[in-house]
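Spelled out from the first residue to the last, the chains are:
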Amino acid sequence: MIEQADGSLRVTVPMIIANARALLEAGRGLLLSGKNTGLTLLDLAAVTEVDSSALSVVFAWLRTAGTGGITLRVANPPANLISLATLYGVSELLPRA
């Protein structure tokens with residue numbers, strides 16, 4: 001679901017409503033584990049499918065990271081995630097790597 005290595009979190013499943021709660025909890029757990037400090041990349045290169053729930057999950061992770069003093073940057077966002085963010089007027093809120 002989410003792999004952690006070398007200062008990055010790599011999402012490996014579709015970011016859709018069916019996975020949203022599990023992704024949210026897994027990501028929060030990893031961000032709050034104490035293993036991430038400073039800058040952490042959220043690598044979405046392996047994500048093949050997204051829906052609007054993906055934006056909610058990413059923004060929740062950003063809030064969690066911020067409360068833990070972690071700067072989270074989104075790497076390799078799928079084009080359809082960027083399209084959704086643009087549609088909803090929040091693309092400038094996605095901190096890209």
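Check the entry above for the structure.
Residues numbered from 1 in each chain as written. Predicted model: local features only at pLDDT ≥ 70, side-chain atom pairs only at ≥ 80, totals over all residues. Heavy atoms only, no water.

*Asks:* Describe the packing of helix 1 (residues 17-31) against helix 2 (residues 52-67), and please don't skip the residues or the numbers.
*Replies:* Two numbers describe how helix 1 lies on helix 2: the axes approach to 10 Å, and their chain directions differ by 15°. Accordingly, the angle class assigned to the pair helix 1 and helix 2 is roughly parallel. Crossing of helix 1 over helix 2 shows right-handed handedness. Where helix 1 abuts helix 2, its residues Ile17, Ala20, Leu23, Leu24, Gly27, Arg28 and Leu31 lie against Ser53, Val57, Ala60, Trp61, Thr64 and Ala65. Classifying every residue of the contact of helix 1 with helix 2 gives nine nonpolar, three polar and one charged. (Axes fitted to C-alpha atoms, helices over the stretch in contact; angles between N-to-C directions. Helix = DSSP H or I, 4+ residues; strand = E, 2+ residues; numbered from the N terminus. Parallel < 35°, antiparallel > 145°, perpendicular 65-115°, else oblique. Left-handed = near helix turned anticlockwise from the far one by under 90°. Contact = heavy atoms within 4.5 Å. Nonpolar A, V, L, I, M, F, W, Y, C, P; charged D, E, K, R; others polar.)

*Asks:* Requested: an account of the pattern of salt bridges, with residues and values cited.
*Replies:* Counted under the stated rule, the structure contains two salt bridges. Among the salt bridges present, the one from Arg10 reaches Glu3, with a minimum N-O distance of 3.4 Å. Here Arg10 falls in the partly exposed class, since its relative accessible area comes to 31%. What makes Glu3 partly exposed here is its relative accessible area of 43%. (Salt bridge = Lys/Arg side-chain N within 4 Å of Asp/Glu carboxyl O. Buried < 20%, exposed > 50% of the residue type's maximum accessible area, 1.4 Å probe, protein only.)

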